[in-house]
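# Results of the structural survey
The lines below spell out each chain.
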Amino acid sequence: MSIITAILNALLQAIGWILPISESGHSAIYHDFAGIADGSVWLVTGLIHIGISIGIFLASFGIFKRLSLEFANTVKELFKRQLSIKERTPSRNMLYMVMLSFLPMFLWLIPIKHYGFLYTLLRSLSFNGTILDEGIFIAFTGLLIFLAVKQMTVSRNDKPISIVPALVVGFASVILIPTAGFSLTAGVFTILALFGVMKNTAYRYALVMSVPVLLVMGIIEAATSKYSAGVIEIILGIVISVIAAFLCTRLLKFIIKKQYLGYFAYYDLGLGVLAAIIGAIQLIVRN
């Protein structure tokens, strides 16, 4: 049974993270109905997140290659005192903006009484015995997608990424990443789309932000997991997650190009409302 679980987890986590349907939201709903609400993580779950980051990286290798070259050239120019902030290529501009978007994540280290840090507090919302909040956040994700779709139908969306949207994405990611019901991919893409940023740039930006987040998340989860796994489960989880993530990354590009995002807006809104209703009933019954 654990082999089947590893296969399903790899497929569903890859689909849920890359497509705009909230992996964390679906996971929280499943754990709530399964009666698993202590925040425990299976070793394979963390390894799957690492596998997803590898799959996205491989599917978007050209993007990461250009950004790596720009980073190396930036460091070289910095040491030679030849660095020009104003004159930069689109790839270097994306590199700067991505780095800027990661800065607000230091807010996770703000100490919160009884919780440790802000990150711990936000993550605890996923294990409070009700799916009311997850439902609200999933529905909100659907609303963001709906608004982004409307924006892209009335606007040319031809702007490059700039400081303001990059910072908005960064501060939003402080909430999007640890809070179940939100989707980093959907959040980043829709925020940038609402700012009029080019669709391809918004798509690439969401992928670039996802890879390091998934990698760090996976390492932490694997290192702190309470439940071990066999060699076969580990191999299957990693291999299938890499393949699924690779295919889903290409699929997301196709979905955006063909303007099919609206279907995901309806899905998220429907699931979110249903989960919120069930969550409200849970609270009423409990009290």
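Structure shown above.
Residues numbered from 1 in each chain as written. Predicted model: local features only at pLDDT ≥ 70, side-chain atom pairs only at ≥ 80, totals over all residues. Heavy atoms only, no water.

### Focus on the packing of aromatic side chains
Applying the stated criterion across every chain, the model contains seven aromatic pairs. Their ring planes at 45° and their centres at 5.1 Å tell us that F57 and F64 sit as a pair that is tilted. Cluster of aromatic residues (ring-pair linked, three or more members): F57, F61 and F64. (Phe/Tyr/Trp six-rings, centres within 6.5 Å; stacked < 30°, edge-to-face > 60°.)

### Observations concerning the side chain of E70
When you line up the elements, E70 lands in helix 4 (residues 61-79). Beyond its immediate sequence surroundings of up to four residues, E70 is in contact with T89, S91, R92 and L95. (Helix = DSSP H or I, 4+ residues; strand = E, 2+ residues; numbered from the N terminus. Contact = heavy atoms within 4.5 Å.)

### Overview of helix 4
With 19 residues, helix 4 extends 27 Å between its outermost C-alpha atoms, agreeing within 8% with the 27 Å of an ideal straight helix rising 1.5 Å per residue. Among all positions in helix 4, only I63, F64, L67, E70 and T74 are buried. Relative to the axis of helix 4, the buried residues are bounded by an arc of 125° and lie together on one face. The positive-phi residue at the C-terminal boundary of helix 4 is R81, with phi of around 60°. (Expected span 1.5 Å × (residues − 1). Buried < 20%, exposed > 50% of the residue type's maximum accessible area, 1.4 Å probe, protein only. Arc of directions from axis to C-beta.)

### A word on the pattern of salt bridges
Applying the stated criterion to the full structure yields three salt bridges. R92 is paired through a salt bridge with E70; the nearest N and O atoms lie 2.9 Å apart. Taken as a pair, R92 in helix 5 (residues 90-102) and E70 in helix 4 lie far apart in primary sequence, 22 residues in all. Like E70, R92 is buried. Sharing partners across several salt bridges, the network here consists of E70, E77 and R92. (Salt bridge = Lys/Arg side-chain N within 4 Å of Asp/Glu carboxyl O.)

### Things to note about the packing of helix 9 (residues 184-194) against helix 10 (residues 199-224)
Following both chains from N to C, one finds helix 9 and helix 10 inclined at 145°, their axes separated by 9 Å at the closest point. For the element pair helix 9 and helix 10, the recorded crossing hand is right-handed. On the side of helix 9, the interface is formed by L184, T185, V188, F189 and L192, while helix 10 contributes K199, A202, Y203, Y205, A206, M209, S210 and V213. The residue makeup of the contact of helix 9 with helix 10, split by class, is 10 nonpolar, two polar and one charged. (Axes fitted to C-alpha atoms, helices over the stretch in contact; angles between N-to-C directions. Left-handed = near helix turned anticlockwise from the far one by under 90°. Nonpolar A, V, L, I, M, F, W, Y, C, P; charged D, E, K, R; others polar.)

Distances and angles like these do not, on their own, reveal function.
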